[in-house]
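Here are the chains, one letter per residue:
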Amino acid sequence: MDNRFAYMRKYLGFSQKDASNIFSTRLDTIKKWDSDKLLVPGPVLEELYDHIRFTNDMVVEFCDERQAEDEDEGIDEIYLL
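So, a few notes on the structure that sits alongside this text. (Residues numbered from 1 in each chain as written. Predicted model: local features only at pLDDT ≥ 70, side-chain atom pairs only at ≥ 80, totals over all residues. Heavy atoms only, no water.)

Re unusual backbone geometry
Phi angles above zero are rare outside glycine, and Ser24 is one such case at about 50°. Take Ser24: it is sitting in the loop between α2 (16-22) and α3 (27-34). Its relative accessible area of 67% is what places Ser24 among the exposed residues. The residue Asp36 is not glycine, and still its phi comes out positive at about 65°. As for its position among the elements, Asp36 is in the loop between α3 and α4 (42-73). Residue Asp36 is classed as partly exposed on the basis of its relative accessible area of 29%. (Helix = DSSP H or I, 4+ residues; strand = E, 2+ residues; numbered from the N terminus. Buried < 20%, exposed > 50% of the residue type's maximum accessible area, 1.4 Å probe, protein only.)

Interpretation note: all reported values are geometric properties and have no functional meaning in isolation.
Written out as structure tokens, the structure is:
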């Protein structure tokens, strides 16, 4: 089965309860989307894609900034928490 919803939700670190709040839907609906028992609406998948793109863009921007600082200040180590 192709369960993009569950994969993307977990990739983003959203719990089922988080997803329920984010998408303003019942927790049992999220569980059905996770288990592929209920079709996930297209706009929900699009919103998850947007979250992933935004998160990835933030990481790239952060790394670029750190690299620029490293070149300017000679920082040897970077810690991500």
